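Inside the fold
Each chain, letter by letter, is given below.
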Amino acid sequence: MKGLLSRIAKIVLSMLLILAILLGSGAAILPRLSFPRINGDVQLVGLDGPVDVIRDTYGIPHIYATTSHDLFFAQGYVHAQDRFYQMDFWRASSTGRLSAMFGKAQTSNDAFIRTVGWGRIAQEEYASLEADARAALDAYAEGVNAYLAEHQGERLSLEYAILGLISPDYHPIPWEGYHSLAWAKVMAYDLGGNMRAEIERSILLKTLSPEQLAEITPPYPKDMPYILPGFNLGAQAAPAELLTAATPDLSQALEQAADQLARLENIFGPQDETLGSNNWVIGGERTAAGLPILANDMHLGEQMPSIWYEVDLQCAPVGLACPYQVTGFSFAGVPGVIVGHNARIAWGFTNVGPDVQDLYVEKINPTNPDQYEYQGQWVNMEIIEDSIQLADGTQQPLKIRLTRHGPLITEVFGGLKDFAAQSSAELPQPYAIALRWAALEQLKIVDAVLGMNQASNWEEFRQAVRDFGAPSQNMVYADVEGNIGYQTPGNIPLRATGHDGLLPVPGWSGEYEWQGYIPFEQLPYTFNPAQGYVATANNAVVDETYPYSISKFWAYGQRARRIVDMIEQAPGLISLDYIARMHGDNKNLNAEALVPLLLQIPLDDSRLVTARDLIQDWDYQDGMDSAASALFNVFWKHLLTATFCDQLPERYWPGGGGRWFQAVEELAAEPQNAWWDDLGTGGQEGRDEIFVQAFAAAVGELENLQGKDPTKWNWGDLHTVTFHHPSLGQSGIGLIEAIFNRGPARTAGGSDIVNATGWSATHGYMVGSVPSERMIVDLSNFDQTRSVITTGQSGHAYHSHYTDQIDPWRLIQYHPLYWSRELVEAHQEGWLRLRP
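Every residue gets a number counted from 1 within its own chain, in the order that chain's sequence is written. In keeping with the predicted nature of the model, local features appear solely for residues at pLDDT of at least 70, side-chain atom pairs appear and are counted solely at 80 or more, and the whole-chain, interface and lining totals rest on all residues. In computing side-chain properties, one takes all heavy atoms of the structure into account and sets aside hydrogens as well as water.

**Topic: the packing of helix H3 (residues 68-95) against helix H9 (residues 177-190)**
When two helices pack together, their arrangement is given by the angle between the helix axes and by the axis-to-axis distance. In this analysis an axis means a line fitted to C-alpha atoms, helices contributing only their contacting stretch, and an angle means the value between N-to-C directions, from 0 to 180 degrees. Secondary structure elements are defined from DSSP: runs of H or I of at least 4 residues count as helices, runs of E of at least 2 residues count as strands, and each element is numbered from the N terminus. As a packed pair, H3 and H9 sit with axes 9 Å apart at the nearest point and diverge in direction by 70 degrees. Classified by the interaxial angle, the pair formed by H3 and H9 is roughly perpendicular. Crossing geometry of H3 relative to H9 is assigned as left-handed. In this structure, H3 uses Trp90, Arg91, Ser94 and Thr95 to contact H9, whose residues at the interface are Tyr178, His179, Ala182, Trp183 and Val186. Put simply, Ala, Val, Leu, Ile, Met, Phe, Trp, Tyr, Cys and Pro go in the nonpolar bin, Asp, Glu, Lys and Arg in the charged bin, and everything else, Gly too, in the polar bin. Of the residues that constitute the contact of H3 with H9, the class distribution is five nonpolar, three polar and one charged. By the definition adopted for this analysis, an angle is roughly parallel if under 35 degrees, roughly antiparallel if over 145, roughly perpendicular if from 65 to 115, and oblique otherwise. The hand of a helix crossing depends on one turn: near helix anticlockwise from the far one by less than a right angle means left-handed, and clockwise means right-handed. Every residue pair with non-hydrogen atoms within 4.5 Å of one another is taken to be in contact.

**A word on empty space enclosed by the protein**
A cavity here means a set of 1 Å grid points, computed over protein atoms only, where a 1.4 Å probe fits but cannot escape. A pocket is an open set with protein on both sides within 12 Å along at least 5 of 7 lines, and lining residues have an atom within 4 Å of a point. Grid points are joined across faces, edges and corners, and a volume is the space filled by probe spheres set on the points. With the rule as written, the count across this model stands at eight cavities of 30 Å³ or more. Considering only enclosed or pocket space, the largest cavity measures out at about 300 Å³ in volume. Every residue lining the largest cavity is counted, 24 residues in all, and those nearest its centre are Met187, Phe331, Ile338, Phe468 and Pro471. Where the lining of the largest cavity is concerned, the elements lending two or more residues are H9, strand E4 (276-282), strand E5 (293-301), strand E9 (345-351) and helix H13 (445-454). The leading source of residues in the lining of the largest cavity is H9, at five residues. Classifying every residue of the lining of the largest cavity gives 18 nonpolar, six polar and no charged. Estimates place the volume of the second largest cavity at around 90 Å³. Considered class by class, the residues forming the lining of the second largest cavity number ten nonpolar, six polar and no charged.

**Observations regarding unusual backbone geometry**
The omega angle of the peptide bond from Met304 to Pro305 is 0 degrees, so this bond is cis rather than trans. With respect to the helices, strands and loops of the structure, Pro305 is situated in the loop between E5 and strand E6 (309-315). The omega angle of the peptide bond from Ala470 to Pro471 is -5 degrees, so this bond is cis rather than trans. Checked against the element boundaries, Pro471 lands in the loop between helix H14 (458-465) and strand E17 (473-479). Despite not being glycine, Asp752 has its phi angle at roughly 50 degrees, a positive value. One can find Asp752 in the loop between strand E25 (742-746) and strand E26 (758-759). When a residue's accessible area, from a 1.4 Å probe over protein chains only, is under 20% of the maximum for its type it is buried; when over 50% it is exposed; and in between it is partly exposed. Among the residues examined, Asp752 registers a relative accessible area of 9% and is labelled buried. The phi dihedral of Ile812 falls on the positive side, at around 60 degrees, and the residue is not glycine. Among the structural elements, Ile812 can be located in the loop between helix H23 (806-810) and strand E30 (815-816).

**Here's the deal with the nonpolar core**
The nonpolar side chains of a soluble globular protein tend to be buried with one another. Buried Ala, Val, Leu, Ile, Met, Phe, Trp, Tyr and Cys residues that are joined via side-chain atoms within 4.5 Å together make up what is termed a nonpolar core. Core analysis: the biggest nonpolar cluster contains 245 residues, and Ile199, Trp437, Met452, Phe461, Trp636, Leu639 and Leu834 have the highest contact counts within it. Ranked by residues supplied to this core, first place goes to H3 with 13 residues. In this structure Leu639 touches Leu594, Val664, Trp676, Ile690, Phe691 and Ala694, once residues within four positions along its chain are discounted.

**Regarding the pairing of strand E27 (residues 767-771)**
Summarising burial for E27: four of the five residues are buried, a large majority. In this analysis, strands are considered paired if DSSP registers two or more bridges between them. Bridge count between E5 and E27: three bridges; the pairing is antiparallel. Its bridge partner lying in E27, Leu300 is registered against Val770. As paired strands, E26 and E27 are joined by two bridges and run antiparallel to one another. Following the sheet pairing, Trp759 is matched in E27 by Val767.

**Remarks on the pattern of salt bridges**
We define a salt bridge as a contact between a side-chain nitrogen of Lys or Arg and a carboxyl oxygen of Asp or Glu at a distance within 4 Å. Tallied over the full model, the rule gives 36 salt bridges. The closest approach of N and O atoms between Arg562 and Asp585, which form a salt bridge, is 2.9 Å. Of the two residues, Arg562 is situated in helix H15 (residues 558-568) and Asp585 in the loop between helix H16 (576-583) and helix H17 (589-600); the sequence distance between them amounts to 23 residues. The same class applies to Arg562 and to Asp585, which are both buried. One salt bridge in this structure joins Asp625 and Arg746, with 3.0 Å as the shortest N-O distance. Within this pair, whereas Asp625 is found in the loop between helix H18 (606-612) and helix H19 (627-644), its partner Arg746 is found in strand E25, the two being separated by 121 residues in sequence.

**Concerning the environment of Leu158**
Assignment of secondary structure puts Leu158 in helix H8 (residues 158-166). Linking Leu158 and Phe740, residues 582 residues apart in sequence, is a C-alpha distance of 9.5 Å.

**Some thoughts on the packing of helix H6 (residues 118-128) against H9**
The contact between H6 and H9 brings their axes to 8 Å, and the two run at 125 degrees. Here H9 runs oblique to H6, going by the angle between their axes. For H6 against H9, the interelement crossing comes out right-handed. Of the residues in H9, those touching H6 at Trp118, Gly119, Ile121, Ala122, Gln123, Glu125 and Tyr126 are Gly177, Tyr178, Leu181, Ala182, Lys185, Val186 and Tyr189. Of the residues contributing to the contact of H6 with H9, the split by class is nine nonpolar, three polar and two charged.

**Remarks on the packing of aromatic side chains**
How two aromatic rings sit relative to each other is set out by the distance from centre to centre and by the angle between their planes. Within 6.5 Å between ring centres, the rings of Phe, Tyr and Trp (the latter by its six-membered ring) count as paired, and their orientation is classed by plane angle as stacked under 30 degrees, edge-to-face over 60, tilted in between. Per the counting criterion, the structure on display carries 36 aromatic pairs. Residues Phe72 and Tyr324 carry aromatic rings whose centres are separated by 5.1 Å and whose planes lie at 75 degrees to one another, so their mutual orientation is edge-to-face. Of the two residues, Phe72 sits in helix H3 while Tyr324 sits in the loop between E6 and strand E7 (325-330), which places them 252 residues apart along the sequence. What makes Phe72 buried here is its relative accessible area of 2%. With a relative accessible area of 6%, Tyr324 lands in the buried category. Here Tyr85 and Tyr160 contribute two aromatic rings whose centre-to-centre distance is 5.4 Å and whose plane-to-plane angle is 75 degrees, an arrangement assigned as edge-to-face. Of the two residues, Tyr85 sits in helix H3 while Tyr160 sits in helix H8, which places them 75 residues apart along the sequence.

**Things to note about the environment of Gln473**
With respect to the secondary-structure elements, Gln473 resides in strand E17. Sequence separation between Gln473 and Pro504 is 31 residues; the distance between their C-alpha atoms is 25 Å. If we ignore the near neighbours within four places in the chain, the residues touching Gln473 are Leu191, Phe349, Thr350, Asn351, Val352, Phe468, Gln487, Thr488 and Pro489. Under the rule applied, a polar contact is a pair of N or O atoms within 3.5 Å (in protein, one hydrogen donor and one hydrogen acceptor; residues adjacent in sequence only if both atoms are side-chain atoms). A polar contact of 3.0 Å, which involves the side chain of Gln473, links it to the side chain of Asn351.

Pasting the structure below:
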């Protein structure tokens, strides 16, 4: 009875709290308690000297300090001012402390996260760091903790007022240096999901033939751009022969792993093919200013607040004690600037997508589950006795088992029958799956970031990114001397001859071991290429002449094709405004490929003919107000459903990104291919019948959603974005979600379009992934640099900077990223001085 009364009391208190917030809206007292102080003087223990924090009219802090220690101390302080709840949630997500915040429902996620070991490895990395990197992390942590010392509960962030009702014993712990490193592991996971692809291929091969699987996972098309075609180091490509091994039935383990990865999507967002990025750098011979222009937009899942936090770090004066002058995009929780420019160079990222994960099937000793077989011997696993902290302060034991390949990420299952011919063990043979992943090793990401922040030329930049082990990025570069360049960094494994990394492999034989990593000197790069530009969009970095395997699957080149075409076909010298138009380009190359075919297919229904007239002269731009865009995209969703969903498990129904663009385009050349047949009917359908069926369904859906008049249909009302708070914004309680989420807002663009507002055909037309930032850097005048993030600088609901960038972002508008102090002071919103 007491427990029930307690629950009722919490519900009543929650409703009163929510009503107080909603009725008061932005003027309510409770939300404003956590708004940061941005003017005046604050005295803080630990500073070497005074630090000026000048916030401009977009809430971007420009930090001026005399020592590196104070610069990163102040960065930690302002991150905590604006985004501490986000930092705390990311910390819990990366170290396996979600149950302490939200209760027992998160124990399976914590168990997986702690088993994989992001936090554990981050602690090992921290202990081995070079002095400068550790000093930066320590100073940053000091700044965060200085803020925490004076702010708790609702004065820290509104979320803690609600969290206190859910988990009253939860209180944020002090920040430590390794917490910043753990978040880098999460980003490597988010951008390096080959494990998911291995699981998908293995499960699909239970019901599909290898030929069918190849049809829906086609190779990179030869007519699409490569970033560095012909980059072969003067060597021969490696042979493509494969080792032969029986394919086991790993159904139980693979489904368990797939279920867990799906649960993690609720925390980290979707890991699907709509994630990606664009960047390009254009040499001065092609630009109006005569010096390079560098553009970047990184595509990640929508979230509230933005994943990025803009910051300007300025040493005053610049010298050995304080060598930084750098501005751009940072992660709240991590010192330094991830992407941006300093006084000499600029750089931008897109994801390479290398294959850096392998799943190993380990044979477990039937009489001792802490042993596994390797080359005929039972070997002891490394055992870690860990625990998960629950919201009530109790601990739940967790046993972590590691093999030579990595942590066991599944339970032990019996019945490894298909491997019987290769094993003398009695049946059924217990087995489990271990994960080998390049990011589960000690890396030096902070060294790399700080090195880029300080680099003044190409050689120093390359030296810095040697340490950028994961996630591997396509890095474009430009400098004030007029040079441009490109570098692939990262720990990309060299596998045993014939091991292609596409499916789980036997862990016991020793035949499938990694042989190290591709040497940095032999990773793809270019400096001042003859064509005068470099463009990347997660497309293939190299062609088949490159002697190493980076990946078997890339983004399929549609965005890269469009970017290259717009650079090559520019009407004159390229300006910043032209780059902005490129960022906002909505051309749908999938529609350009399929609409001519759709126009040729006879239609018997005049209603459908009238609707089809919309796409007759369409320019293939997925604009917000476009009726043709709405019609094609709804048709595309129904085409995917009619073609594939009767033959694929529901978990792997097509989302509709670039892979499916390519697969359908190739299948369209085979009108009687078996994929076109609808297995739910007694007949034999072909391509044209399925096209008509999908088109009729699309017209019917649009009539229901937007009315009978096709000219009034539009894409923007379907293709909306809602920015979701990653924890409380997905609570299932509408009133709480309304406090923290923002949207829906109409958008243009779509999946694998330059304006990459990705959506999944399995979830409707809502935007799931977004250009999380846009940046245009003018190397001739840094004060001309333009940028925007998705939501705003503030993580505090109802703050003026919580949502002030949503409309500029969706309308392809920007704000200045002020560089000179004169402009910063002229556009200041607040001036805070931190004093020792």
